[in-house]
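An overview of the molecular structure
One-letter residues, chain by chain:
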Amino acid sequence: LLLACGHPVSGVKSEPIDLPVSPSWRAVADRLEVVVPQDLIMPDTKISSLIFEQPSETLKRWVRARIATDKSTRGLIVATIQKAEMRELSLPRKQGFSSIFEANPNTKLSVNFAISLKAIDSENREVGRVNVDVQVASEFVDDDGGEKKRSYWMRLLRSAVDNLDAELARQLPTGFPD
């Protein structure tokens, strides 16, 4: 497998998100490769310190957990991670007297995942391709920093992975082409 190294995450107490034990899609191929481009944008260290693993690692685990190969066939599935982004944005504060009595969101968190899956037959011909791109976001009042934000990140990661499943199911309702 062709894999790129991510930045290590240290001192984190959270757990990686759970992924299904049984695959959802069986590939008519005996090999599965996950490609992580060297120029993939990594999250800011402020975000990385709150999560268990880099989002590219979560996506690699997702690909391996969701797509099963068939050793009785010949071929290759190449999963290329195109985006594994996590962003934090400070929202502008509302102005005026009434704003001091309201708890308005001051932080927006977003996760954007994109993966390209390409099927190659035994004669090295591309026989199918699907691109999956999902984005989830949440706004909240960040008043304690760490634990609340970590909880939001973990929920967003879970939601992004669930959306990947749903989008891939929509695009490949009967599985990979033969």
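Residues numbered from 1 in each chain as written. Predicted model: local features only at pLDDT ≥ 70, side-chain atom pairs only at ≥ 80, totals over all residues. Heavy atoms only, no water.

**Some remarks on the overall build of the protein**
Put simply, the test is: Per the convention used, a helix needs a DSSP run of H or I reaching at least four residues, while a strand needs a run of E reaching at least two, with both numbered from the N terminus. Throughout, exposure labels follow a simple rule: accessible area from a 1.4 Å probe, protein chains only, divided by the maximum for the residue type, with under 20% read as buried, over 50% as exposed, and the rest as partly exposed. Any two residues whose heavy atoms approach within 4.5 Å at even a single point are treated as in contact. Reported accessibility uses the Shrake-Rupley method at a 1.4 Å probe radius. Residues are deemed covered only where the shown protein chains occlude them.
What the protein contains, in helices and strands, is three helices and six strands. In the protein, which comprises 178 residues, the proportion classed as buried is 46%. Summarising the internal contacts of the protein: among those between residues at least 6 apart in sequence, 80% fall at separations of at least 24. Of the roughly 10000 Å² that the protein leaves accessible, carbon and sulfur atoms contribute 49%.

**Let's talk about the packing of aromatic side chains**
Filter applied, for reference: Ring pairs shown here join Phe, Tyr and Trp side chains whose ring centres sit within 6.5 Å, with only the six-membered ring taken for Trp; geometry is labelled stacked below 30 degrees between planes, edge-to-face above 60, and tilted in between. Working rule: Lys NZ or Arg CZ, within 6 Å of ring centre, within 35 degrees of ring normal, means a charge sits over the ring.
Inspection of the entire model under this criterion finds zero aromatic pairs. The residue whose ring lies beneath Arg155 is Tyr152, and the NZ or CZ to ring-centre distance is 4.7 Å.

**Some points on the packing of helix α2 (residues 55–66) against helix α3 (residues 146–171)**
In plain terms, the rule: Helix axes are fitted to C-alpha atoms over the stretch in contact, other axes to C-alpha atoms as well, and angles between N-to-C directions run from 0 to 180 degrees. Note that the term roughly parallel is reserved for angles under 35 degrees, roughly antiparallel for angles over 145, roughly perpendicular for angles of 65 to 115, and oblique for everything else. For any pair of crossing helices, the crossing counts as left-handed if the nearer helix is rotated counterclockwise from the farther one by less than a right angle, and right-handed if it is rotated clockwise. Nonpolar residues are Ala, Val, Leu, Ile, Met, Phe, Trp, Tyr, Cys and Pro. Charged residues are Asp, Glu, Lys and Arg, and all others, Gly as well, are polar.
Viewed as axis vectors pointing N to C, α2 and α3 meet at an angle of 40°, and their least axial separation amounts to 11 Å. In terms of orientation, α2 and α3 fall into the oblique class. Where α2 crosses over α3, the handedness of that crossing is right-handed. For the pair formed by α2 and α3, the contact residues are Thr58, Leu59, Trp62 and Arg66 on the first element and Val161, Leu164, Asp165 and Leu168 on the second. Broken down by class, the residue content of the contact of α2 with α3 amounts to five nonpolar, one polar and two charged.

**A few points about α2**
As a reminder, the rule being used: To estimate the expected span of a helix, count its residues, drop one, and scale the result by 1.5 Å.
The first and last C-alpha atoms of α2 sit 16 Å apart over 12 residues, in line with the 16 Å expected at 1.5 Å per residue. Burial analysis of α2 places nine of its 12 residues in the buried class, which makes it a mostly covered element. Within the sequence span of α2, burial applies to Pro55, Ser56, Thr58, Leu59, Lys60, Trp62, Val63, Ala65 and Arg66. Looking at the buried residues of α2, the elements they touch are β1 (25–26), β2 (31–35), β3 (67–68), β4 (75–90), β5 (107–121) and α3.

**A short note on the environment of Lys83**
Examined against the element boundaries, Lys83 turns out to sit in strand β4. In this structure Lys83 comes out as partly exposed when scored by relative accessible area, which is 27%. Taking C-alpha positions, Lys83 is 9.2 Å from Met42, a pair spaced 41 residues apart along the chain.

**Overview of the nonpolar core**
To be explicit about the condition: Think of a nonpolar core as a cluster: buried Ala, Val, Leu, Ile, Met, Phe, Trp, Tyr and Cys residues, connected wherever their side-chain atoms sit within 4.5 Å.
Val111, Phe113 and Trp153 are the most contacted members of the largest nonpolar core, which totals 43 residues. At the level of secondary structure, the elements contributing two or more residues to this core comprise β2, α2, β4, β5, β6 (126–140) and α3. A per-element tally of this core places α3 first, with nine residues. Setting aside residues up to four positions removed in sequence, Trp153 forms contacts with Ile47, Leu50, Ile51, Met86, Arg87, Glu88, Leu109, Ser110 and Val111.

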